[in-house]
Amino acid sequence: MTDEVKETFVNASGGRRATGGGSAPPAPPAPAALAAKVRTLAPSMTRSMQRVAEAVAGDPAGCAALTVTGLAELTGTSEATVVRTARLLGYPGYRDLRLALAGLAAQQQSGRAPAITTDIAVDDPIADVVAKLAYDEQQTLADTAAGLDTVQLGAAVAALAAARRTDVYGIGASNLVAQDLTQKMLRIGLIAHAPGDPHLAVTNAVQLRAGDVAVAITHSGSTGDVIEPLRVAFERGATTIAVTGRPDSSVTQYADHVLTTSTARESELRPAAMSSRTSQLLVVDCLFVGVAQRIYESAAPALAASYEALAHRHGALRGVAGDRRA
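Residues numbered from 1 in each chain as written. Predicted model: local features only at pLDDT ≥ 70, side-chain atom pairs only at ≥ 80, totals over all residues. Heavy atoms only, no water.

### Let's talk about the pattern of salt bridges
By the definition in use, this model includes 7 salt bridges. The salt bridge involving Glu54 is made with Arg47; its shortest N-O contact spans 3.7 Å. With its nearest N and O atoms 2.9 Å apart, the salt bridge here joins Asp212 to Arg164. Of the two residues, Asp212 sits in the loop between α11 (198-206) and β3 (213-217) while Arg164 sits in the loop between α9 (150-162) and β1 (166-169), which places them 48 residues apart along the sequence. With a relative accessible area of 0%, Asp212 lands in the buried category. Shared partners join several salt bridges into a network, and the residues in it are Asp180, Lys184 and Asp285. (Salt bridge = Lys/Arg side-chain N within 4 Å of Asp/Glu carboxyl O. Helix = DSSP H or I, 4+ residues; strand = E, 2+ residues; numbered from the N terminus. Buried < 20%, exposed > 50% of the residue type's maximum accessible area, 1.4 Å probe, protein only.)

### Overview of the packing of α11 against helix α12 (residues 224-235)
It is at 8 Å that the axes of α11 and α12 come closest, and there the two elements cross at 10 degrees. By the angle between their directions, the pair α11 and α12 is classed as roughly parallel. Contact residues: α11 offers Pro198, Ala201, Val202, Ala205 and Val206, while α12 offers Asp225, Glu228, Pro229, Val232 and Ala233. Residue classes in the contact of α11 with α12 are distributed as 8 nonpolar, no polar and 2 charged. (Axes fitted to C-alpha atoms, helices over the stretch in contact; angles between N-to-C directions. Parallel < 35°, antiparallel > 145°, perpendicular 65-115°, else oblique. Contact = heavy atoms within 4.5 Å. Nonpolar A, V, L, I, M, F, W, Y, C, P; charged D, E, K, R; others polar.)

### What about the nonpolar core?
In terms of nonpolar packing, the biggest core is built from 31 residues, with Leu160, Ile188, Val215, Ile217, Leu259, Leu287 and Val291 touching the most fellow members. Within the residue set of this core, elements represented by two or more residues are α9, α10 (173-187), β3, β4 (239-244) and α13 (272-294). When neighbours within four sequence positions are excluded, Ile188 is seen to be in contact with Phe288, Val291, Ala292, Ile295, Ser298, Ala299, Ala302 and Leu303. Core analysis: the second largest hydrophobic core is formed by 22 residues, Val52, Leu71, Ala72 and Tyr94 among them. (Core = buried A, V, L, I, M, F, W, Y, C linked by side-chain atoms within 4.5 Å.)

Next comes the structure, spelled out in structure tokens:
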């Protein structure tokens with residue numbers, strides 16, 4: 001049963017999508033990444049799988065001592081649900097998950113400070129708001145880094161570095177991230193576009209072909225205005241990349257490479273769009289630096305030229321500021 005579930009997910013795009021360009025499946029997450037994977041994937045799990053995930057993240061030492069039957073009884077689920085949860089979290093089977101739980105328990109017993117709550121109340125002092133947001137940002141970045149598949153990242157970097165042109169799709173807050181990626185790529189001499197209009201995104205995608213790249217940025221993975229142009233690009237033969245917080249979402253059906261982001265728990269004063277942007281920007285920076293490394297001989301002069309072209313503007317601004325102080 002679990003093999004069927006996995007095959008359905010991997011082959012949802014009609015067989016084109018691969019885990020790292022036909023290479024071996026990625027290694028199971030390290031123990032430190034387990035909690036991050038649970039936080040990222042729990043919202044998209046069934047309620048029974050959530051119970052298993054919450055149990056292993058909440059008490060890794062206790063769960064590491066349980067057999068698959070014992071954990072199923074503890075969580076009021078079935079053995080099949082436990083195995084499916086383990087595989088969704090990135091482990092080949094329950095045995096591998098137990099080993100990771102034992103490692104995580106050992107880390108926690110080494111004296112690491114407990115996490116603070118990041119819930120922000122309406123009457124919180126501003127100093128507390130700063131501390132909570134800073135912790136939240138740090139945790140989001142750490143979770144994203146821990147869960148990022150470097151095989152998929154490397155394949156995405158290679159595709160971007162060799163692309164004739166790149167289209168980046170994002171709506172709302174994700175469009176800000178899309179614009180950030182295209183601006184970075186333009187500064188190292190690459191052709192990139194981030195159309196903010198959904199209709200323009202589709203008409204742009206129609207022009208893509210093999211050798212081009214399309215990147216979709218959507219935390220939910222279900223934004224139709226982002227999925228549609230990625231689907232068109234996919235069907236035209238372009239290499240497609242999805243940056244999403246839901247690795248089992250609709251957008252991944254049309255993605256050759258999937259880069260998973262993390263996000264903090266949503267609250268009334270901090271919707272998911274705010275915290276998800278933090279992790280998306282980290283992934284964008286990783287892509288950009290990776291591409292710049294690959295084409296360094298052309299990227300370095302392009303960056304220097306862009307800095308030189310803008311230098312006089314920064315100097316003019318400093319002069320105005322000096323006049324005002326005088």
